[in-house]
Amino acid sequence: MASSATTTSTTLLRLLCLCTVLPVALQAARPTNITIGALFAFDSVIGRSARTAIQLAVDDVNRDPTVLSGTNLSVVLQDTNCSGFAGIIQAGLELMEKEVVAVVGPQSSVIAHVVTHVANELRVPLVSFAATDPALASTQYPYFVRAVHDDSFQMAAIADIVSLYGWREVTAFYVDDDYGRGGVVALADALEATRARLSYKAAFPPGADRATLADLLQRANSMESRVFVVHASPDSGLDVFAAAHDLGMMVAEYAWIATDWLAAAAIDGSGAASESNNIQGVESNNIQGVLTLRQYTPDSDAKASLVSRLAGAEQPSNNNATAVVNAYSLFAYDSVWIAAHAIDQFLDEAGGNVTFSADPNIRDANGSALRLSALRVFDQGEQLLRKVMLANFTGVTGRVGFQFDADGNGPESGILINPAYEILNVGGTGGVRRVAYWSNYTRLSVDAPTLLDDGGPPPNSSSTTPQQQKDQQQQMSNVTWPGGTTTMPRGWAFADNGQPLRIGVPYRTSYKEFVSKDDTSKDGVSGYCIDVFKAALQQLPYPVPVSFVLFGDGVTSPSYDELVQNVADGFFDAAVGDISIVTNRTRVVDFTQPYIDSGLVIVSTVMARSSDEWAFLKPFTPELWGTFVGFCVFIGAVVWILEHRHNEEFRGSPWNQMRTMFWFSFAAVFFSQREETVSSLGRFVVIMWLLVVLIITQSYTASLTSILTVQQLSTGIQGINDLLAGNDPIGYQQGSFAGSYMIKELGVKASRLRELPIDEYADSLQRGPSNGGVATIVDELPYVQLFLSSNCQFRTVGQEFTKSGWGFAFPHDSPLAVDLSTAILKLSESGDLQRIHDNWLNTGTCDSTDGVGGPVRLSVANFGGLFLICGVACGGALLVYFARILFQFCQYHRHGTSDGAKEEDKEEDDGGGGPFPDKEKSLRRLATRQTSFRVRDFMSFVDMKESEVKSAMRSSSTSSKSMGRSGSDTSDGPSSP
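Residues numbered from 1 in each chain as written. Predicted model: local features only at pLDDT ≥ 70, side-chain atom pairs only at ≥ 80, totals over all residues. Heavy atoms only, no water.

Asker: Which residues make up the environment of Gly876, and what are the values?
Answerer: Mapped onto the secondary structure, Gly876 falls in helix H28 (residues 864-911). When the C-alpha atoms of Gly876 and Leu681 are compared, they prove to be 9.3 Å apart, with 195 residues separating the residues in sequence. (Helix = DSSP H or I, 4+ residues; strand = E, 2+ residues; numbered from the N terminus.)

Rendered as structure tokens:
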């Protein structure tokens, strides 16, 4: 028992010792020191602030017991000397020889493009705080991690600014290296998404002198655009503004936007921009009115503390330049912490195992002094890279983390979350103030972006689609522009330093009212189109110098398609004249708002129709005349039937009744019948017939008037369908689009078309197809109206079969086209456009709007409904009438037959042989009575007056009653003795 207790005690003691020693053993398993590198240009605006920030970050990491747990973090600083070659060979390769597990940097995008290849081979993660070229994508360089927002986001912010102010063209000044070119490509893509464009790229070499920059600025100033975006390095970008100031380009009507290099180089980043912030170390007049961007980092205690420490930090003794605290120093500080957190998690996972091995693919060539064999591969580099990409902490720049696509390999993978910028404006006397914020979910806004605790956007913004985010309301505060003005720059000016615009004008040879050469005018041209253009120019809020240049030889009308193409080719700055806006022209130029409606119409010859002695018969077709006469007779017969038993005027001899029936039929047509209808059915039929007669007579009158007065077409063409169905030649104006339109769109054979000058229209139409002329002319409405105003023997037929207008032509994306469109609308609203039209185009005395076309003869089909209604009404009246007659006849016959039978029986009994009469006689008598009922009696009954029938029926009823009483007295009385 004692032995067992002793064993238990020993086991517990050993376990206690093991628990005490294990943490020490694990701690000992971590390396006592781990090294990272930092690759940047010491003597640069960004490098001076980043150097201090990196050193402070390393000190803070080593003081924090929760990070690295006893492992000391050391950093090797390597200077790139602001040289691409030195940064790649001396700095990059030498740094990798020192077996660093990660590199904070490189600072330069140019160096990053080369060093990343080394990092990929040696598996050393690069955590860059300043290489912003969007081309450094994680899919191409997996070991390159960008701990700062790339330039694609600030270019999207600039595009939103351009869109907000309605500018359409932008000129880019940029340093001609990987950083500059990558940024400008992103700018062009962002502008295209907002329907703007990069009209000119002005690239200057790194380290360009003032003379080179001035020459480049002068060339850019000869372009139309007055919106300039400067994307340069902080060390050379200020020279661009100095040269622009010397050339007088920092004045009103210019708009300058600088990327975030200007904020890093010249604006104090120690706090939020405000009216009290002043430009540091730069002539403020050179950048007065400039808009610039700065990477936005939310305010926090940690940020304020670091900024204070950076501002008070002692600079290296060998560096006389002053360090400026900027956003890049904050990102450099967080970059060290990204590496430290990743190394801490990596050491826990790898058990403190950090090893390097030789790469057989990397060796020195014979006689080489590059010492490539000294470069060693970090065996756990891929494992450390995964930890870097999983960074998730709150730093001085806000929430630090990277976003990924669903597959982890898309274009959005490895991008720092929450890209946001401040839009700063350099005002008067060097003051700087914030005018807006920009983020990828709020776009331009006067309110700072609000993020959740996890670093993501609020639900009400993240739930919207990217297109909805783009379309939401953009806002900016008032901006002070170059020259100290608050008026928004127009964004463009006339090319060639204000030289007059070359305006192409068609040299018309006919109908010079529209546009033509005019030696008496100071402009050398005149006409309706010229006056409209000049009036529109006067509506613009700025002067536009113009010079009119005639296009054409003055002998034949010029081709308007060639004129428009000259505008597209740049030979003319614009084209003014009677230029139709058609599809093929809109593909090469932009047109203003139409200032006059136009469309193709058909012109044909008309002739006065002489009326003959039988013209009165032509309104109706023979079928309609026959139907109408037949209905007159039919209605007379119906009325005679309905009125015969009631109306004395419809009785008498057969000849008299026939005459009355026909007279009534035709007299009703003129509403002059003397006979009055007394029966209800007769009046109903007459009312229906009079309605039909009224409509037919009114239609006859209108048709006859048209026949006697309207001029008739000599060709029979009444519209586009007749034109296409025929084979006669068709004329159109020289230089007009009408010919190609009819061939391509309407399918008219080219052999039918004749190109004519307007002054030959009349002769060609009068000669006609049989004499070498044309059947019709197809031309635009304004020309036709002017032609018809002095040629009364021609008219338009049918409707316009195209709808278009005339406009002024400008090159694609010309802002002057937009402004002139607005001016034309103002002229139309004020009535000035109509007054100009009346001044030039209201000539002649002919009415060009008379209707033409052959008379339309009315047929039975035009009144089929009326005849049907009238026929149904008559049929219904007859049915009712005969039903009533039949009923009366039955009643009458019953009474009349009963009385007659009694009298005949009585006569036969008296002389017929006693009480038993002859059977054959009785049958013959019955047959005779039945035949009389069917024919004679019924016809006699119908011919009887209504009053006679009623009187007879009353008499018969009275006689029956008397006979009944007499018979009763005879049979019931006592027999005689």
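Asker: Let's hear about unusual backbone geometry: which residues, and what values?
Answerer: That bond from Gly105 to Pro106 is cis: its omega, 0°, falls within 30 degrees of zero. For Pro106, the location among the structural elements is in the loop between strand E3 (103-104) and helix H4 (109-122). In this structure, Arg195 takes a positive phi of about 65° despite not being glycine. Among the secondary structure elements, Arg195 is positioned in the loop between helix H6 (178-193) and strand E7 (197-204). You can call Arg195 exposed: its relative accessible area is 73%. (Buried < 20%, exposed > 50% of the residue type's maximum accessible area, 1.4 Å probe, protein only.)

Asker: Lay out the side chain of Gln107 in plain terms, naming residues and giving numbers.
Answerer: Relative to the assigned elements, Gln107 resides in the loop between E3 and H4. For Gln107, a relative accessible area of 15% translates into the label buried. Of the polar contacts made by the side chain of Gln107, one reaches the backbone nitrogen of Ala41; its length is 3.1 Å. Separated by 3.3 Å, the side chains of Gln107 and Ser44 make a polar contact. Sequence-distant contacts of Gln107, that is, excluding residues within four places in its chain, are made with Leu39, Phe40, Ala41, Ser44, Ile46, Gly47, Phe129, Ala130 and Ala131. (Polar contact = N/O pair within 3.5 Å; in protein donor to acceptor, adjacent residues only side chain to side chain. Contact = heavy atoms within 4.5 Å.)

Asker: Outline the sheet that holds E3, listing residues and values.
Answerer: Read across the sheet, 5 strands follow the order E2-E1-E3-E4-E5 without closing on themselves; strand pairing throughout is parallel. With partners counted over all chains shown, the strands left at the sheet margins are strand E2 (72-79) and strand E5 (144-146), one partner each. Where strand E4 (residues 126-128) and E5 come together, 3 bridges link them in parallel fashion. Residue pairing for E5: Leu126 is matched across the bridge by Phe144. Set on the sheet, helix H2 (residues 45-63) makes contact with strand E1 (33-40), E2 and E3; between it and E2 the angle comes to about 165°. Here H4 sits on the sheet in contact with E1, E4 and E5, set at roughly 160° to E4. (Pairing = 2+ DSSP bridges. Axes fitted to C-alpha atoms, helices over the stretch in contact; angles between N-to-C directions.)

Asker: Provide a residue-level description of the side chain of Thr292, including the pertinent values.
Answerer: Secondary-structure assignment places Thr292 in strand E11 (residues 291-295). Under the relative-accessibility criterion, Thr292 is labelled buried at 0%. A distance of 3.1 Å separates a polar atom in the side chain of Thr292 from the backbone oxygen of Thr259. Once residues lying within four places of it in the same chain are set aside, the contact partners of Thr292 are Ala258, Thr259, Asp260, Leu262, Ala263, Ile267, Glu422, Ile423 and Leu424.

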